[in-house]
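Residues per chain are reported as follows:
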Amino acid sequence: MTVFVLRRLAQTLLVLFVTSVLVFGGLYLVGDPVEILVNPTADQIEKDRARAALGLDKPVLEQYWIFLKGTASGNLGDSFVYARPALEVIFERMPATLELAVLAMLIAIAIGIPLGLYAGLRPNGWGARAIMAGSILGFSLPTFWVGLMLILVFAVTLGWLPSTGRGPTSEFLGMQLSILHWEGLRHALLPAANLALLKLSLITRLTRAQVREQSLLDYIRFARAKGLSRTRVVGVHLLKNILIPLVTVIGLELGSVIAYAIVTETIFAWPGMGKLVIDSIFQLDRPVVVAYLMVVVFMFIVINLVVDILYSVLDPRVRLSEAKG
């Protein structure tokens, strides 16, 4: 296990280096931030002074070398807009995105797995057919359109839930979270539901496919032949085995929910990392954009590492193959 973790850490450093090269080079080609940041009436002398103050007057390779040296000490540069360390700006917004992503995945898991089990165990019933048709709808509808419809129905027409903002927050483990507060949870429900819809459809279809596949295997037939109750066959034998692919997909999808919450955060004015990076792109705030992408890539790698470890716990054969390797 130690060798496996060390090998993944080495891969992490390589991936982060390649990511930094691609992102830094790509942002350098986009445009000059000074043209956006300074007053439009500023003359060339004032623009050159601002460019020098931000370190943009140096050759791109020198800028990248300064960035690498700063990264080695945990400094990804200062935001051009906020005049503070980019990581500090991102970490301020991270709890909002994390709580939204976790709440969305909990909704998707809590609804998707039971629906998938029902559809897999009764594949020819009208209920299963309705669930599968609904999952196709969940895949097909664009996220921004679903978000607008949720606001129109539940916020504007019915007035049950707020449409924008995060609401009051409470401190938990040093982070400001809104879902621990009832009013904050009401603010989070609509964006979380919007974010969960696609993942709910995916988990439902994956669970149904696994149930259909595993139900035909000998160990399920043997369990039924022993006279075990249907609840025990499904809850102990079947559910344990379908969890292995589900854990892999859920882990990867959690990373994608965090990374691609941009649309949802923009629609619901949710003050998370996604909205921050959109604003930073419009303002060409390079340090914040680079730091955001580096943080997201790092989170993807950590989540994948946790998924691999969980996978080996659920399936001992994975652990044995690693030991032989």
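Along each chain, numbering runs from 1 in the same order as the chain's sequence is written. Per-residue local features of the predicted model are confined to residues with pLDDT of at least 70, and side-chain atom pairs are confined, for both listing and counting, to 80 or more; whole-chain, interface and lining totals are unaffected and use all residues. Where side-chain values are given, they derive from all heavy atoms of the structure, hydrogens and water being excluded.

Caption draft 1: A look at the overall build of the protein. Numbering goes from the N terminus for both helices and strands, where a helix is a DSSP run of H or I of at least four residues and a strand is a run of E of at least two. Helix and strand counts for the protein stand at 14 helices and 2 strands. A principal-axis box enclosing the C-alpha atoms of the protein has dimensions of 85 × 60 × 35 Å. Residue exposure (1.4 Å probe, protein chains only): buried if accessible area is under 20% of the type maximum, exposed if over 50%, otherwise partly exposed. The proportion of buried residues among the 325 residues of the protein is 40%. Residues are treated as being in contact if the distance between any of their heavy atoms lies within 4.5 Å. Residue pairs in contact within the protein that sit at least 24 positions apart in sequence constitute 72% of those at least 6 positions apart. Taken as a whole, the protein presents about 17600 Å² of accessible surface, with 68% of it coming from carbon and sulfur. With 28 positive and 22 negative side-chain charges, the protein shows a spacing of 18 Å between the two charge centroids. Here the accessible surface of atoms and residues is derived via Shrake-Rupley with a 1.4 Å probe, and residues count as covered only by protein chains that are part of the display. Under the counting rule used here, the positive set is Lys and Arg, the negative set is Asp and Glu, and His together with the chain ends is not counted. A charged residue contributes its charge at one atom only: NZ of Lys, CZ of Arg, CG of Asp or CD of Glu.

Caption draft 2: Here's a closer look at the nonpolar core. We define the nonpolar core as a collection of buried residues of types Ala, Val, Leu, Ile, Met, Phe, Trp, Tyr and Cys that are connected through side-chain atoms lying within 4.5 Å of one another. Ranked by size, the top nonpolar core spans 57 residues in total, and within it Ile90 and Ile203 carry the most contacts. Looking at this core, the elements with two or more residues in it are α1 (2–30), α4 (60–72), α5 (86–121), α8 (182–214), α9 (218–225), α10 (230–259), α12 (273–282) and α13 (286–314). When residues in this core are grouped by element, the largest group, 14 residues, is from α5. When near neighbours in sequence (up to four residues on either side) are disregarded, isoleucine 203 contacts Met105, Ala108, Ile109, Gly112, Ile113, Leu246 and Ile250. Counting residues in each nonpolar core, the second largest holds 7 residues, with Val146, Leu161, Leu190 and Phe268 among its members.

Caption draft 3: Inspection of unusual backbone geometry at higher detail. The phi dihedral of alanine 83 is positive, around 55 degrees, even though this residue is not glycine. Relative to the helices and strands, alanine 83 resides in the loop between α4 and α5. Even without a glycine there, the phi angle at leucine 284 is positive, about 55 degrees. Considering the arrangement of structural elements, one finds leucine 284 in the loop between α12 and α13. Given the relative accessible area of 12%, leucine 284 is considered buried.

Caption draft 4: Main features of a nonpolar patch on the surface. Taken together, the side chains of Leu137, Leu141, Phe144, Trp145, Leu148, Met149, Leu152, Val153, Val156, Leu158, Trp160 and Val263 make up a nonpolar region of the molecular surface, amounting to roughly 1100 Å² of accessible area. Note that leucine 141 resides in the loop between α6 (126–140) and α7 (143–157). Without a salt bridge and with relative accessible area above 30%, a residue can belong to a patch; like charges are then joined within 9 Å and nonpolar side chains (Val, Leu, Ile, Met, Phe, Trp, Tyr) within 5 Å. When a carboxyl oxygen of Asp or Glu lies within 4 Å of a side-chain nitrogen of Lys or Arg, that pair is called a salt bridge.

Caption draft 5: Region of interest: the layout of surface pockets. Approximately 520 Å³ is the volume found for the largest pocket. Mapped by element, the contributors of at least two residues to the lining of the largest pocket are α1, α4 and α13. Counting residues per element, the lining of the largest pocket draws most heavily on α4, at 4 residues. Think of it as three bins: nonpolar holds Ala, Val, Leu, Ile, Met, Phe, Trp, Tyr, Cys and Pro, charged holds Asp, Glu, Lys and Arg, and polar takes everything else, Gly as well. Its residues placed into classes, the lining of the largest pocket shows 13 nonpolar, 6 polar and 3 charged. Both cavities and pockets are sets of points on a 1 Å grid over the protein atoms alone; in a cavity a 1.4 Å probe fits but cannot get out, in a pocket the set is open with protein on both sides within 12 Å along at least five of seven lines, and lining residues sit with an atom within 4 Å of a point. Along the wall of the second largest pocket there are 13 residues; nearest its centre are Leu16, Thr71, Leu76, Met294 and Phe298. Elements with a contribution of two residues or more to the lining of the second largest pocket: α1, α4, α5 and α13. No other element matches α1, which puts 4 residues into the lining of the second largest pocket. Here the lining of the second largest pocket is composed, by residue class, of 10 nonpolar, 3 polar and no charged. Grid points are joined across faces, edges and corners, and a volume is the space filled by probe spheres set on the points.

Caption draft 6: Inspection of the packing of α6 against α8 at higher detail. Think of each axis as a best-fit line through the C-alpha atoms, taken over the contacting stretch in the case of a helix, with angles from 0 to 180 degrees between the N-to-C directions. Across the interface, α6 lies against α8 with an axial gap of 8 Å and an inter-helix angle of 140 degrees. Between α6 and α8, the angle falls in the class oblique. As α6 packs across α8, the resulting crossing turns out to be left-handed. Of the residues in α8, those in contact with Ile131, Met132, Ser135, Ile136, Gly138 and Phe139 of α6 are Leu197, Leu198, Ser201, Leu202, Thr204, Arg205 and Arg208. Orientation is classified from the angle alone, with under 35 degrees giving roughly parallel, over 145 giving roughly antiparallel, 65 to 115 giving roughly perpendicular, and any other angle giving oblique. A crossing counts as left-handed when the near helix is turned anticlockwise from the far one by less than a right angle, and as right-handed when that turn is clockwise.

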